[in-house]
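Each chain, letter by letter, is given below.
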Amino acid sequence: MPVARTHCVGLVGVTGRLVEVEADVGPGIAGTHFIGLLDTAISEARGRVRSALINSRFAWPDARVTVSLFPATLPKRGSIFDLAIAIAVLGAAGAVPAQRIAAPMFVGELGLDGRVRPIRGVLPAALAAAEAGVRTVVVPALNAAEAALVPDLTVVPVATLGELVGWLRSRDLHRLPVVDDAASLAQDAEHAGHSGHTEHTGYGEPGEQAEPGEQAERGECGRQAGYGGQADHGGYARRVEDASRPAGPYAGDRGVPGPDLCDVAGQPMGRKALEVCAAGGHNLWMLGPPGSGKTMLAERLPTLLPPLDQEKALEVSAIHSVAGTLPPGRPLLTRPPFMAPHHSATMAAVVGGGSGGVVRPGTVSLAHRGVLFLDEAPEFATTVLDSLRQPLESGTVTIARAVGAVTFPARFMLVMAANPCPCGLQGTVGHPCKCTPAGRRRYLDRLSGPLLDRVDVKVKIGRATRAELLADRHFTETSATVAERVRLARERAARRLAGTPWRTNAEVPSSVLHRDFRLPDAAMAPLHRGLDVGTLSARGLDRVLRVSWTLADLSLKDRPDQAETSAALALWLGVD
């Protein structure tokens, strides 16, 4: 019998590589042989595939079956290849037309009873297929909406192997009853899309946020929960742009409002620092006693950030697809993610890693295009904190193993919160600190100088008195109001950076800052004095310049003057 060929995708990090799956059923001692640099999961596929075929009432060839996965030099891992292997074997045995399986791509894990089970990484697999010129992908039914996010791609969702074989034999879409279910999912998403937009608030759970204009019209502190998304589906080629359901800590119930910046009273400096960081994409460090509002401020930073555009949304969603943290029924993350790992997290959990040759993205990659919040930062292991220095500079993290290196994107805003001492009472009125000077120094020394040098904004958060809380209530603003100023500032920066790969001030490299956006000597005077007396490093100079451009954008100025550079220097130094 002739060799049957079809396609699958092997994932290397969040990048897919097209893999050609070949099957040959020929003379020889009956047996199944796999070749192509496989891991244990693929080697065990012979048992899963054989049982799935037999329990789906297809005969397993009583001959020598050879399955090859090309390119042979590419490491292949996981059960994503099960469906492609089964279809290739059926094609080689003549059970399905070989010419009909040559063009599509098949991904999915097979159960022993023939069910097609969902897998991780369908979105990057579909993106890789589209880039390679594949126009039809067959995916598990539960992953259909995720694959349908890729434009100009025909998605065929299947629930069982028997249904897929029936479709391949007849090319009749109505033989796949799961299509109706997937279409209803898209219709539900389209109907829900009239209620608002969604927000990814952390650990793969979506929260809710209403439109800024709509919230401003309400004139109230808080947000109304609602669905978000729209879909365009026709036949079995569907694009589900934002299918979401309310979930997460702030949107589990319709009557529970999400976090809003106006909730934080008595901290005007903290709110201003949050606005500056949101407008320019800068890193933030907050130092203050327990209960002063550091965590509340950090949790409200995502509400000030603009929604992700289509390209960034697909990029972020692909990372969460590989990690398996996409919320059910919501394949596209349209809001910046917010990740807050516990201080006991290991380096592999934060940076990424794994065992058995499987490398998973860490928290820094899950926070890509969003916020990484380290509460009680000095409690993290020193090695974990220092491992953030490289991704903060490059926007990527590379994990090297003996079998190769994997690079994950990691362009995030770092927000750290810390107490002034182990007991947290230093500087509070009426509560004397019991820590020794050496203990306080050792506690804050866990945050190394090179790490703090990469933080653009440093603020001290003190405990507000009752009078300060009551007085500041009249000056608090909703997240929608501040988010509008952030949007305008980002638009000014984007116009200035048009024609470059950067969109925020924090991304502009040092050479461009000093060449294309050089400031006059009068504006640079405070920074030159800082360099002369040693309070400002060369890296710190670049950080201060970026913040000064953000302050100018918020002030609707064409370029910073001495007022902006002085304020930016004070924010970088952490001066009250």
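This report concerns the structure included in the present document. Small disclaimer: the values here were computed from a predicted structure and weren't measured.

So, helix H9 (residues 268–280)
Over its 13 residues, H9 runs 19 Å from end to end, which matches the ideal 18 Å to within 8%, given 1.5 Å per residue. Across the 13 residues of H9, ten count as buried, placing the element largely inside the fold. Residues Gly270, Arg271, Ala273, Leu274, Glu275, Val276, Cys277, Ala278, Ala279 and Gly280 constitute the buried set of H9. Remark: Gly281 follows H9 within two positions and exhibits a positive phi of approximately 75°.

Considering the nonpolar core
Proteins that are soluble and globular tend to have nonpolar side chains buried together. The biggest cluster of nonpolar side chains holds 71 residues, and the ones touching the most others in it are Leu53, Val67, Leu83, Ile85, Phe106, Leu161 and Leu164. Leave out the neighbours within four places in its chain, and Leu53 touches Phe58, Trp60, Ala86, Val89, Leu90 and Leu161.

Section: the side chain of Asn143
Locating Asn143 in the fold gives a position in the loop between strand E8 (136–140) and helix H5 (144–147). Here Asn143 falls in the buried class, since its relative accessible area comes to 5%. At 3.0 Å, the side chain of Asn143 and the backbone nitrogen of Ile119 are in polar contact. Not counting residues up to four positions away in its chain, the partners in contact with Asn143 are Pro118, Ile119 and Val122.

Here we look at the side chain of Ser56
Tracing the backbone through its elements, the reader meets Ser56 in the loop between helix H2 (45–55) and strand E4 (64–70). Under the relative-accessibility criterion, Ser56 is labelled buried at 15%. Within the structure, Ser56 has its side chain in polar contact with the backbone oxygen of Ala52 (distance 2.7 Å).

Here we look at unusual backbone geometry
Here the amide bond leading from Phe70 into Pro71 is cis, since omega sits at 5°, within 30 degrees of zero. Inspection of the secondary structure assignment puts Pro71 in the loop between E4 and helix H3 (82–93). A positive phi is found at Leu37, a non-glycine position, where the angle reads about 55°. When you line up the elements, Leu37 lands in the loop between strand E3 (31–35) and helix H1 (40–43). Overall, the relative accessible area of 49% leaves Leu37 in the partly exposed class. Even without being a glycine, Asp152 presents a positive backbone phi close to 60°.

Analysis parameters
- Residues numbered from 1 in each chain as written.
- Predicted model: local features only at pLDDT ≥ 70, side-chain atom pairs only at ≥ 80, totals over all residues.
- Heavy atoms only, no water.
- Helix = DSSP H or I, 4+ residues; strand = E, 2+ residues; numbered from the N terminus.
- Expected span 1.5 Å × (residues − 1).
- Buried < 20%, exposed > 50% of the residue type's maximum accessible area, 1.4 Å probe, protein only.
- Core = buried A, V, L, I, M, F, W, Y, C linked by side-chain atoms within 4.5 Å.
- Contact = heavy atoms within 4.5 Å.
- Polar contact = N/O pair within 3.5 Å; in protein donor to acceptor, adjacent residues only side chain to side chain.

Shape descriptors only; they carry no functional weight alone.
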